Amino acid sequence: MTTVTFLTEEARINGFDATGHSGYAAAGEDIVCAAITSAVRLVEATVNDVMGLCASVKVDEETGSIAFRLPGGLSQTAEATCQAILTGMMVYLATLHDEYPDNIEVMEA
């Protein structure tokens, strides 16, 4: 099972950790894992490449985990945009959980 934990402080999403393989199918054929990976990559590309921010992204190839953290000190516009992106990801992954409850868990910490 893949677990995605969104890290929050008050009302702000600071980032997320994604760990584990969904186990829906074999690696390379797993549609749940592909959907999660695609969402993670979209968020990282939007925040870092499109918006030009410096969010921290750490990938552990051994465990297959990804840690994403927003930088501090963002402008009000950048902060609002990042919060909308991360909230959208959370909603998307929660919907994915509803469809595949044995393969993805979404949590807040």
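Residues numbered from 1 in each chain as written. Predicted model: local features only at pLDDT ≥ 70, side-chain atom pairs only at ≥ 80, totals over all residues. Heavy atoms only, no water.

**Student:** How would you summarise the layout of surface pockets if you had to cite specific residues and measurements?
**Tutor:** Its boundaries defined by the atoms lining it, the largest pocket holds a volume of some 260 Å³. Lining the largest pocket we find 14 residues, and of these C33, T37, V40, G64 and I66 sit closest to its centre. Among the elements of the structure, β2 (12-19), α1 (31-50) and β3 (56-60) are those that each provide at least two residues to the lining of the largest pocket. (1 Å grid on protein atoms, 1.4 Å probe; cavity = no way out; pocket = protein on both sides within 12 Å on 5 of 7 lines; lining within 4 Å. Points joined across faces, edges and corners; volume = space filled by probe spheres on them. Helix = DSSP H or I, 4+ residues; strand = E, 2+ residues; numbered from the N terminus.)

**Student:** Lay out the side chain of E79 in plain terms, naming residues and giving numbers.
**Tutor:** Positionally, E79 belongs in helix α2 (residues 76-99). Look at E79 and you get buried, because its relative accessible area is 18%. Excluding residues within four positions of it along the chain, E79 makes contact with R12 and L74. (Buried < 20%, exposed > 50% of the residue type's maximum accessible area, 1.4 Å probe, protein only. Contact = heavy atoms within 4.5 Å.)

**Student:** Please give an account of the sheet that holds β3 that cites residues and values.
**Tutor:** Taken together, the five strands give an open sheet; going across it, the order is β3-β4-β2-β1-β5, and neighbouring strands pair in mixed fashion. With partners counted over all chains shown, the strands left at the sheet margins are β3 and β5 (104-108), one partner each. Averaged over all pairs of adjacent strands, the angle between strand axes in this sheet comes to 15 degrees, irrespective of strand direction. In this structure, β2 lies alongside strand β4 (residues 65-69), joined through four bridges in antiparallel fashion. From the neighbouring strand, G15 faces β4, where its bridge partner is R69. Of the strands in this sheet, β1 (2-9), β2, β3, β4 and β5 touch α1, which is tilted by about 30 degrees from β4. Relative to the sheet, α2 contacts β1, β2, β4 and β5, its axis offset from that of β5 by approximately 140 degrees. (Pairing = 2+ DSSP bridges. Axes fitted to C-alpha atoms, helices over the stretch in contact; angles between N-to-C directions.)

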